Amino acid sequence: MNAVTVSPLPDSEAFRGWQREGFNRWISLCGVGASDLLDRDETPIEIEGMVFRLADPFSASDPWDGREQLGARDFLEHSTPVLRANLLRAVRALVRSLEQGERVVVFCHLGLSRSPLVAAAGLMVARRLDPLSAWAAVARTNDELRLTRLALAALLWIESTWNQDRGFDNDIS
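Residues numbered from 1 in each chain as written. Predicted model: local features only at pLDDT ≥ 70, side-chain atom pairs only at ≥ 80, totals over all residues. Heavy atoms only, no water.

**Q** Explanation requested: the packing of aromatic side chains in the structure shown.
**A** Think of a pair of aromatic rings as described by two things: how far the centres are apart, and how the planes are tilted against each other in angle. Per the counting criterion, the structure on display carries seven aromatic pairs. Pairing F15 with F107 gives two aromatic rings, centres 6.3 Å apart and planes at 90 degrees, and the pair type is edge-to-face. In this pair, F15 sits in helix α1 (residues 12-20) while F107 sits in strand β4 (residues 104-107), placing the two residues 92 residues apart along the sequence. With relative accessibility at 0%, the residue F107 sits in the buried group. Ring geometry for W26 versus F107: centroids 5.7 Å apart, planes at 40 degrees, classification tilted. Of this pair, W26 sits in strand β2 (residues 25-28) while F107 sits in strand β4, and the two are 81 residues apart along the sequence. Through a chain of ring-to-ring contacts, the aromatic side chains of F15, W18, W26 and F107 assemble into a single cluster. For R103, the ring lying beneath its charged end belongs to F23, and the centroid distance is 3.9 Å. (Phe/Tyr/Trp six-rings, centres within 6.5 Å; stacked < 30°, edge-to-face > 60°. Helix = DSSP H or I, 4+ residues; strand = E, 2+ residues; numbered from the N terminus. Buried < 20%, exposed > 50% of the residue type's maximum accessible area, 1.4 Å probe, protein only. Lys NZ or Arg CZ within 6 Å of the ring centre and 35° of its normal.)

Dropping the structure here:
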């Protein structure tokens, strides 16, 4: 069983399917939660969630071609302190859930940029993977996922930030 998976914006059937599949937490990166997505008269879902508002400059970035050398600095130069702080909060929440043995669904509007980035970052940290191996683990679940230059730079930045701050307990901007 996969500990983490990515999804586009869910409907009520998706939430119920996650429950049936044994997922016990969801993380929204697009600022909307279950209460925003379910009809008021529906039976509440029994899967807990967290909502983050994470901007998406990643989908507009060029795909990484495997030849260009990127680093954490590339992310710092193309992001804002708010984006970095929100990204760290979402990754930290995912890592904590994974460390507690929870199965987590991470979603954003299309499930193609922010959610795979956060899922890969969480796996990278929790399982001590390198950024490309973590991305590959997430990308195996969806042929449409493409690693962009900015997403790789963000993974490299998260890796260096985690290592320097021993878990980024404090938000780093």
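**Q** What is the right way to read α1 from this model?
**A** Counting along an α-helix, one turn takes 3.6 residues, and residues three or four places apart therefore face a common direction. Where α1 is concerned, the buried positions are F15, G17 and W18. Take α1 and look down its axis: the buried residues cluster within an arc of 160 degrees, on one side only. Its side-chain oxygen 3.2 Å from the backbone nitrogen of E13, D11 forms the N-cap of α1. After α1 finishes, the residue G22 shows a positive phi value of roughly 90 degrees. (Arc of directions from axis to C-beta. Polar contact = N/O pair within 3.5 Å; in protein donor to acceptor, adjacent residues only side chain to side chain.)

**Q** Sorry if this is basic, but what is going on with the pattern of salt bridges here?
**A** Side chains carrying opposite charge are able to pair once their charged atoms draw close together. Under the counting rule described, the total for this entry stands at six salt bridges. The salt bridge partner of R25 is E102, with a shortest N-O separation of 3.0 Å. Remark: E102 occurs in the loop between α4 (81-99) and β4 and R25 occurs in strand β2; sequence separation between them is 77 residues. The burial state of R25 is the same as that of E102; both residues are buried. (Salt bridge = Lys/Arg side-chain N within 4 Å of Asp/Glu carboxyl O.)

**Q** How should the environment of T148 be read in this particular structure?
**A** Relative to the helices and strands, T148 is located in the loop between α6 (131-139) and α7 (149-165). With a relative accessible area of 8%, T148 lands in the buried category. For the pair T148 and G17, spaced 131 residues apart in sequence, the C-alpha to C-alpha distance is 30 Å. T148 has contacts with F58, S61, D62, P63 and W64, leaving out every residue within four places of it along the chain. At 3.1 Å, the side chain of T148 and the backbone nitrogen of A151 are in polar contact. (Contact = heavy atoms within 4.5 Å.)

**Q** Just to check I follow, could you spell out unusual backbone geometry for this structure?
**A** The bulk of non-glycine residues show a negative phi, and the bulk of peptide bonds are trans. Phi is positive for R128, which is not a glycine, with a value near 55 degrees. Among the secondary structure elements, R128 is positioned in the loop between α5 (114-127) and α6.

**Q** I'm lost on the environment of E46 in this one. Help?
**A** Mapping E46 onto the fold places it in the loop between α2 (34-37) and β3 (48-51). Judged by its relative accessible area of 73%, E46 is exposed. Spatially, the C-alpha atom of E46 lies 8.6 Å from that of R16, the residues being 30 residues apart in sequence.

**Q** Help me out: how do you make sense of the sheet that holds strand β1 (residues 4-7) in this one?
**A** Backbone hydrogen bonds hold the strands of a sheet together, and the pairing may be parallel or antiparallel. The parallel open sheet is built from four strands, whose spatial order is β1-β4-β2-β3. Only two strands of the sheet have a single partner each, and these edge strands are β1 and β3. Put simply, the sheet's adjacent strands are angled 20 degrees from each other on average, direction ignored. Here β2 pairs with β4 via four bridges, running parallel. Among the inter-strand pairings, I27 is bridged to a residue of β4, identified as V106. Contacts from α1 reach β1, β2 and β4 within the one sheet, and its direction differs from that of β4 by about 155 degrees. (Pairing = 2+ DSSP bridges. Axes fitted to C-alpha atoms, helices over the stretch in contact; angles between N-to-C directions.)

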